[in-house]
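Commentary on secondary and tertiary structure
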Amino acid sequence: MTSSLALSIVTFIYLGSSVLYLFYLVFRTRVAATMGTWVALGGFLLNTYGIIMRWIESYDLGIGHAPLSNLYESLVFFAWTIILCYLILERKYGQKTVGAFVVPFAFFSMAYASFSSSVDSRIQPLIPALKSNWLIAHVVTCFLGYAAFAVACGLSVMYLIKSKKQRAGSDGLKFLPDPPLIEDVSYKMILIGFVLLSAGIITGSVWAHSAWGTYWSWDPKETWSLITWIVYAVLLHARYMKGWSGNRIAVISIVGFCCVLFTYFGVNFLLSGLHSYAASS
Amino acid sequence: MTKLSNFLSSVKLTVVLLIVLAVLSVVGTVIPQQEPAGLYERMYGEGTASLFRSLGFTNMYASPLFVALLGFLGANLVVCSLDRLPKTWKLVRNRPSLNPREYKQMPYRREQFVKLRNPEWRKSLSNVLGRLGKVQEKEFDGGIVYFANRTPWVRLGVYVVHSSILLLFVGGIIGAVWGFKGHINILEGETVDHIDVRGRHEPKPLDFQIRCDDFNVEFYDTGAPKEFRSDLTFLEGGKEALSSPLRVNHPVTFGGITFYQSSYGSTLGGEVVFELVDNQTGETYTVKGPASDDFSLPGDQGGFRIIDFQNNLVSRGMSFGPGVFVHLMGTGERTPPFWVLQKFPQLDQRRGGKYTFALKSFQEVYYTGLQANRDPGVALVYLGFILMLIGFPVTFFMSHRMIWLQVGSTGKNLKVILAGTAHRNRLAFSKSMDGLWEEISTALNEEERQP
Ligand code: HEM
């Protein structure tokens, strides 16, 4: 099976998994959640296969490089990291309700990669500036970080819904995990995401320095990654201020993930930048 | 004074400063930066444009406002750290007493009574506690206190993180004040002894020379560039000091300046040959000369000069191949400069000048474009990067844990208290303490079962 066929199928598998998790959330049929997990796992394996095949195909074309070099490849990798992160979390905490808040992100990423006309899915050769191990480290750390933030964002949405219901005195959402647990896991994901995002910015900066001699040039993409980083730094410090916990922290986490999405998509399409993803689309 | 330092050391100030910096950064990505003056007037109108300019929004990240806020953040960081460090240091150095007590204030505390059957209980407890690393013991009348002080130094992690940020600031300032960013184009075979530095009018002389021995570009089948490579030789006092290839992503440093392969291009070199046809007489003349000199027209009636060269002139999406842009001088004709294209020798007839120009031959030489920078702050910045990447995991995923196990014998029973505290991540700490408690209980119970 070619990588592009495999990856198109993955899109539908993640859709299926999202639907199953949502079904579980709404109707609380245990079997739907179990199936959701297995379907997500199957999708993850096929996603892995697709990434490896694409890698091999690039070598067959004589322009071999890790499949992390353009928008399409990064979206596919983003979906992969989200599912990886989610499956580990589900295994650790056994909270299948979270799936409905997280797996759809992976689906959207794959759907955007597969169906958007502005995303070129061909395997392209690397221009000289992109031939760097720092670039690979940069992409891998950034996207693992983004995935952690995606999960944290899903958890924060869940937190807000649950705590709102609780304050309204309703116990309709009993099957959702308790707010302190959601908050704890979400905070952990943010810490992991923050370390990885920092590593991502640092490796990107080292790469820029080796390619152009400037470790920081304030191009819009760089600046937006810094803005994202600042938002999460605000979150970490806000926890030390009186009265900042729970809902407000959840809101900052959602704002932070919106910044991630803007760094990733908004900058390419709304602002002018020099980044290769922007240039190649 | 204390009011000021309280203000400067508050985390609230940090949060406010970070938010303001983030908002200004957003503004800086929305308003185009460092564009020529007219653009802002066209985009936003006179009034708004001049407002933006006076606020520094057209060069946001170097604007006095932005830099001042960064300075403020730095001061905030220094004052806050100095303010807290003594207390943290005390906590790191703190050696709690090992006298028997009840541990009522400890966040984690469990106790139980176990029947004393086996005098060997100390040995098996030591076994269990072995995995806590170094465990201190202190005997008291009829009992013993075990104490483990796990990784107290991780409390300093957050200071490592904060210092790393200061290092980035300091490194950035040093680079901005004492560094420079330069550029130089070198023709194949040419030797240069200067670079052009951003923000300076005259070229900056170097105390060495750079020769470009060769330049190569490779392309993929798609036409996208695959690799640029310059073979450079650095000369000092006329002697070759270093020969090295320079490729994208593989910079070379010489004489304190780091060179990066950043661009390339081609220009005319050597002799250029034109064929001129007199449009009245039909007579043909050959005019030739070095590309950079002025050319004379036949009969010394003025001359011309090449003011631009393209190896593939592109206009309205069509490519016309190589061409030179010619400027006539001293002919009395008022002709604006015009293109003479090698592949279209008849084209110039349409201009209707005295002569029709055709480009017969030329030599093209490649030049390599080098970025030439000095940044004495970069080492500090990289040190900051490393410290930050060490500091984060220490701060986030480790904690200072203090664990006491106190066993006192009350006649036939042992009174066992397990207590402890962790400076963060209490949930995980509790869980691991529960595990420890299980192990301790099993150890004591096993002793019970032995005859
Ligand atoms: C961009 C700049 C900054 C970054 C990236 C940063 C990063 C951090 C990090 C990662 C933590 C640990 C958070 C946690 O344990 O959850 C922290 C804690 C803290 N930061 Fe910052 N910080 C910055 C600026 C500042 C400034 C300017 C101050 C000055 C008041 C400050 C004061 C504190 C304090 C008081 C803590 C708590 C320390 C503790 O746990 O004992 N930070 N910071």
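Anything mentioned here points back to the structure above.
This structure is a prediction, so every number in the text was calculated from the model and none was measured.

1. Here's the deal with the side chain of Glu90(A)
Residues and elements named next belong to chain A. For Glu-90, the location among the structural elements is in helix 3 (residues 71–93). Judged by its relative accessible area of 9%, Glu-90 is buried. Here the side chain of Glu-90 touches Tyr-21 through a polar contact of 2.7 Å, side chain to side chain. Residues contacting Glu-90, with those up to four places away along its chain left out, are Tyr-21, Thr-37, Gln-95 and Lys-96.

2. Quick word on the coordination of the iron atom of the ligand
Protein coordination of the iron atom of the ligand is provided by His237(A) (NE2) and His162(B) (NE2), with donor distances spanning 1.9 to 2.0 Å. Given six donor atoms and angles of 86 to 178° at the metal, the environment of the iron atom of the ligand is assigned as octahedral. Taken together, the residues His237(A) in helix 7 (residues 220–238) and His162(B) in helix 7 (residues 157–178) connect one chain to another. According to the relative accessible area criterion, His162(B) is buried, its value standing at 16%.

3. Regarding the interface of chain A and chain B
Contacts between the two partners involve 44 residues from chain A and, on the opposite side, 45 residues from chain B. Between the two partners, chain A and chain B, sit zero salt bridges. Inspection of the region where chain A meets chain B yields nine residue pairs in polar contact (both at pLDDT 80 or more). Elements with a contribution of two residues or more to the side of chain A that touches chain B: helix 6 (179–212) and helix 7 of chain A. When residues in the side of chain A that touches chain B are grouped by element, the largest group, 17 residues, is from helix 6 of chain A.

4. Comments concerning the packing of aromatic side chains
All names here are of chain A. Summed over all chains, the structure comprises 54 aromatic pairs over all chains. Centre to centre, the rings of Phe-77 and Phe-143 are 6.3 Å apart; their planes meet at 80°, and the pair counts as edge-to-face. Placement of the pair is Phe-77 in helix 3 and Phe-143 in helix 5 (residues 133–167), with a sequence separation of 66 residues. Its relative accessible area of 8% is what places Phe-77 among the buried residues. By way of ring pairs, the aromatic residues Phe-44, Phe-77, Phe-78, Trp-80, Tyr-112, Phe-143, Tyr-146, Tyr-264 and Phe-265 are connected into one cluster. Note that Arg-239 overlies the ring of Tyr-187, its terminal NZ or CZ placed 3.5 Å from the centroid.

5. Quick look at the sheet that holds strand 13 (residues 303–310) of chain B
Residue and element names in this part refer to chain B. The strand order across the open sheet built from four strands is 12-13-16-17, with neighbouring strands paired in antiparallel fashion. Since the sheet does not close on itself, it has two edges, and those belong to strand 12 (295–296) and strand 17 (338–341), each with one partner. Both strand 16 (residues 323–329) and strand 17 contribute to a ladder of four bridges, which runs antiparallel. In the strand pairing of strand 17, Val-324 is matched with Val-340.

6. Some remarks on the site of the ligand
For the ligand, the set of nearby residues contains 23 residues, the closest of which are Tyr187(A), His237(A), Tyr240(A), His162(B) and Arg424(B). In the environment of the ligand, a nitrogen atom lies 2.7 Å from a nitrogen or oxygen atom belonging to the side chain of His237(A). In this structure, an oxygen atom belonging to the ligand sits 2.9 Å away from a side-chain N or O atom of Tyr240(A). Of all the secondary structure elements, the ones that give two or more residues to the shell around the ligand are helix 7 of chain A together with helix 2 (11–30), helix 5 (64–93), helix 7 and helix 8 (378–397) of chain B. In terms of residues, the shell around the ligand owes the most to one element, helix 5 of chain B, which gives five residues. Tallied by class, residues from the shell around the ligand come to 14 nonpolar, seven polar and two charged.

7. Some words on the sheet that holds strand 2 (residues 136–140) of chain B
Residues and elements named next belong to chain B. Strand order in the open sheet formed by five strands is 1-20-19-3-2, and the pairing between neighbours is antiparallel. What marks the edges here is a single partner per strand, and that holds for strand 1 (108–115) and strand 2. If you compare each strand with its neighbour and ignore which way they point, the axes differ by 15° on average. Judged from the ten bridges that link them, strand 19 (residues 401–410) and strand 20 (residues 413–422) form a sheet pairing that is antiparallel. Each residue of the ladder has a partner; that of Leu-405, found in strand 20, is Leu-418. Sitting on the sheet, helix 6 (residues 121–129) touches strand 2, strand 3 (143–150), strand 19 and strand 20, and the angle it makes with strand 3 is about 10°.

8. Notes on helix 8 of chain B
Across its 20 residues, helix 8 of chain B extends 29 Å between first and last C-alpha, which sits within 8% of the 28 Å expected from 1.5 Å per residue. Among the residues making up helix 8 of chain B, those that are buried are Val378(B), Val381(B), Gly384(B), Phe385(B), Met388(B), Gly391(B), Phe392(B), Val394(B), Thr395(B) and Phe396(B). Taken together, the buried residues of helix 8 of chain B touch helix 6 and helix 7 of chain A together with helix 7 of chain B.

9. Things to note about the environment of Leu71(A)
Residue and element names in this part refer to chain A. Note on placement: Leu-71 falls in helix 3. On the basis of relative accessible area, Leu-71 is assigned to the buried category, the value being 2%. Along the chain, Leu-71 and Asn-268 lie 197 residues apart, while their C-alpha atoms are 9.8 Å from each other.

10. Re the pattern of salt bridges
Residue and element names in this part refer to chain B. Across all of its chains, the model carries 18 salt bridges over all chains by this definition. Across the pair Glu-240 and Arg-211 runs a salt bridge, and its minimum N-O distance is 3.0 Å. Taken together, the residues Glu-240 in strand 8 (residues 239–247) and Arg-211 in strand 6 (residues 204–219) connect sequence positions 29 residues apart. Glu-240 sits in the exposed class, given a relative accessible area of 54%. Salt bridges sharing common partners tie together Glu-102, Arg-109, Glu-111 and Lys-415.

11. Focus: the nonpolar core
Across soluble globular proteins, nonpolar side chains show a tendency to be buried alongside one another. With 124 residues, the main nonpolar core has Tyr14(A), Leu155(A), Met189(A) and Trp229(A) as its most contacted residues. With 15 residues, the top contributor of residues to this core is helix 5 of chain A. When residues no more than four places from it in sequence are discounted, the contact partners of Trp229(A) are Phe194(A), Leu197(A), Ser198(A), Ile201(A), Ile165(B), Met388(B) and Phe392(B). Of all hydrophobic cores here, the second largest spans 24 residues; its members include Val128(B), Leu129(B), Val407(B) and Leu418(B).

12. Here we look at the packing of helix 1 (residues 3–27) of chain A against helix 2 (residues 30–60) of chain A
All names here are of chain A. Axis separation between helix 1 and helix 2 bottoms out at 8 Å; the angle between their running directions is 160°. Considering the angle they form, helix 1 stands roughly antiparallel to helix 2. Between helix 1 and helix 2 lies a crossing of left-handed hand.

13. Re unusual backbone geometry
Residues and elements named next belong to chain B. In this structure, Gln-34 is a non-glycine residue whose phi angle is positive, near 50°. Along the chain, the position of Gln-34 falls in the loop between helix 2 and helix 3 (37–44). The exposure class of Gln-34 is exposed, given its relative accessible area of 61%. Positive phi values are uncommon outside glycine, yet Asn-249 reaches one of about 75°. You can see Asn-249 is positioned in the loop between strand 8 and strand 9 (252–254). Among the residues examined, Asn-249 registers a relative accessible area of 7% and is labelled buried.

What counts, and where the lines are drawn
Residues numbered from 1 in each chain as written. Chains lettered and ligands numbered in written order. Predicted model: local features only at pLDDT ≥ 70, side-chain atom pairs only at ≥ 80, totals over all residues. Heavy atoms only, no water. Helix = DSSP H or I, 4+ residues; strand = E, 2+ residues; numbered from the N terminus. Buried < 20%, exposed > 50% of the residue type's maximum accessible area, 1.4 Å probe, protein only. Polar contact = N/O pair within 3.5 Å; in protein donor to acceptor, adjacent residues only side chain to side chain. Contact = heavy atoms within 4.5 Å. Donors = N, O, S within 2.8 Å, 3.2 Å for Na, K, Ca; no water. Tetrahedral: all angles 85-135°; square planar, octahedral: opposite > 155°, others 65-115°. Salt bridge = Lys/Arg side-chain N within 4 Å of Asp/Glu carboxyl O. Phe/Tyr/Trp six-rings, centres within 6.5 Å; stacked < 30°, edge-to-face > 60°. Lys NZ or Arg CZ within 6 Å of the ring centre and 35° of its normal. Pairing = 2+ DSSP bridges. Near = heavy atom within 4 Å. Nonpolar A, V, L, I, M, F, W, Y, C, P; charged D, E, K, R; others polar. Axes fitted to C-alpha atoms, helices over the stretch in contact; angles between N-to-C directions. Expected span 1.5 Å × (residues − 1). Core = buried A, V, L, I, M, F, W, Y, C linked by side-chain atoms within 4.5 Å. Parallel < 35°, antiparallel > 145°, perpendicular 65-115°, else oblique. Left-handed = near helix turned anticlockwise from the far one by under 90°.

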